[in-house]
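Residues per chain, in single letters:
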Amino acid sequence: MVAAYWLAVITGLFELEDDAAWLGLGGVPAGVALSLLIALAWLLCLIGSVVASGALLFAVPFAAAGAAWFVARGLRAPLRKLFPEGDSHSRGDFVGQMCVIRTGTATPEFGQAEVTAADGSSAVVQVRTTGRDRLARGDHALIFEYDKDGEFFWVMPYESEH
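Residues numbered from 1 in each chain as written. Predicted model: local features only at pLDDT ≥ 70, side-chain atom pairs only at ≥ 80, totals over all residues. Heavy atoms only, no water.

**So, a nonpolar patch on the surface**
Then step 1. On the surface, a cluster of nonpolar side chains totalling about 650 Å² of accessible area is made up of W42, L43, L46, I47, V50 and V51.
Then step 2. Mapped onto the fold, W42 is located in helix 2 (residues 30-51). (Patch = residues over 30% accessible without salt bridge, like charges linked within 9 Å, V, L, I, M, F, W, Y side chains within 5 Å. Areas by Shrake-Rupley, 256 points an atom, 1.4 Å probe, with all protein chains shown as cover. Salt bridge = Lys/Arg side-chain N within 4 Å of Asp/Glu carboxyl O. Helix = DSSP H or I, 4+ residues; strand = E, 2+ residues; numbered from the N terminus.)

**Looking at the packing of helix 2 against helix 3 (residues 60-74)**
Then step 1. Running from N to C, helix 2 and helix 3 point in directions that differ by 140 degrees, and their axes come no closer than 8 Å. On the basis of their axis angle, the class for helix 2 and helix 3 is oblique. Helix 3 is crossed by helix 2, and the crossing has right-handed handedness. In this structure, helix 2 contributes L36, L37, L40, A41, L44, C45, G48 and S49 to the contact, and helix 3 contributes V60, P61, A64, A65, A67, A68, W69, V71 and A72. (Axes fitted to C-alpha atoms, helices over the stretch in contact; angles between N-to-C directions. Parallel < 35°, antiparallel > 145°, perpendicular 65-115°, else oblique. Left-handed = near helix turned anticlockwise from the far one by under 90°. Contact = heavy atoms within 4.5 Å.)

**A look at helix 3**
Because the α-helix completes a turn every 3.6 residues, residues three or four places apart line up on one side.
Then step 1. For helix 3, built from 15 residues, the straight-helix expectation of 21 Å at 1.5 Å per residue is met to within 8% by its first-to-last C-alpha distance of 21 Å.
Then step 2. When we look at burial in helix 3, the residues that qualify are V60, A64, A68 and A72. Buried residues of helix 3, viewed axially, fall in a sector of 90 degrees; they line one side. Exposed and oriented more than 90 degrees from the buried face of helix 3 are F62, F70 and G74.
Then step 3. Residues of helix 3 that are buried in the fold lie against strand 2 (25-29), helix 2 and helix 4 (76-80). (Expected span 1.5 Å × (residues − 1). Buried < 20%, exposed > 50% of the residue type's maximum accessible area, 1.4 Å probe, protein only. Arc of directions from axis to C-beta.)

**Here's the deal with the environment of G27**
Then step 1. Inspection of the secondary structure assignment puts G27 in strand 2.
Then step 2. Along the primary structure G27 and R80 are separated by 53 residues, whereas in three dimensions their C-alpha atoms are 5.8 Å apart.

**A word on the sheet that holds strand 6 (residues 122-129)**
Pairing between sheet strands relies on hydrogen bonds along the backbone, with the strands arranged either parallel or antiparallel.
Then step 1. Read around the barrel, five strands follow the order 3-5-6-9-8 and close on themselves; strand pairing throughout is mixed. Shown here is a sheet whose adjacent strand axes are inclined to one another by a mean of 55 degrees, direction ignored.
Then step 2. For strand 6 and strand 9 (residues 152-157), the ladder comprises three bridges, and the chain directions are parallel. Counterpart to R128 in the pairing with strand 9 is W154. (Pairing = 2+ DSSP bridges.)

**Topic: the pattern of salt bridges**
Then step 1. For the structure on display, the rule yields one salt bridge.
Then step 2. Of the charged contacts, one joins R102 and E114 as a salt bridge, the two residues approaching to 2.9 Å between their closest N and O atoms. Within this pair, whereas R102 is found in the loop between strand 3 (98-101) and strand 4 (105-106), its partner E114 is found in strand 5 (residues 112-116), the two being separated by 12 residues in sequence.
Then step 3. The class of E114 is partly exposed, set by a relative accessible area of 26%.

**Quick notes on the packing of aromatic side chains**
Then step 1. Taken as a whole and assessed by the stated rule, the structure comprises five aromatic pairs.
Then step 2. Judged by centre distance (5.7 Å) and plane angle (55 degrees), the rings of F58 and F62 are tilted.
Then step 3. On the basis of relative accessible area, F62 is assigned to the exposed category, the value being 58%.
Then step 4. Judged by centre distance (5.0 Å) and plane angle (75 degrees), the rings of W69 and F70 are edge-to-face.
Then step 5. Given a relative accessible area of 59%, F70 falls into the exposed group.
Then step 6. One aromatic cluster in this structure is built from F94, Y146 and F153.
Then step 7. Of note, R128 hangs over the ring of F152, and the distance from its end group to the ring centre comes to 5.0 Å. (Phe/Tyr/Trp six-rings, centres within 6.5 Å; stacked < 30°, edge-to-face > 60°. Lys NZ or Arg CZ within 6 Å of the ring centre and 35° of its normal.)

Structure (structure tokens):
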């Protein structure tokens, strides 16, 4: 089960931070929920294999998996307090923000800019311009899109009105 989980993460089937709602264990990151489920199932299976014998031994893994799911589901409420939702920031939060070019130039191939987040913190991000736009150090630009594959922001010249 552990190998299947990490194979799913590596292939991009889900992210580490994804919710485990598909398993009925929503509100907790999938990595935490699955780790808890696997550990409980293993422990209960170990206990069941010592207690059961004969034909009942065949049912132990199934009973352990079911019981582990119920226990993990019951532990969701206390675990949710450790993983509060909301106030999670993403790179998409910068879309629509003004930035200042910090490299010598910003072109369709290269550039960096400083952007200030809503909470007042600033970050230097990778930026690219479209087509003929070429921005110089100190120029103001508007971030209008985030390219997830290239991990950079698309910017365009921004003229302030004052």
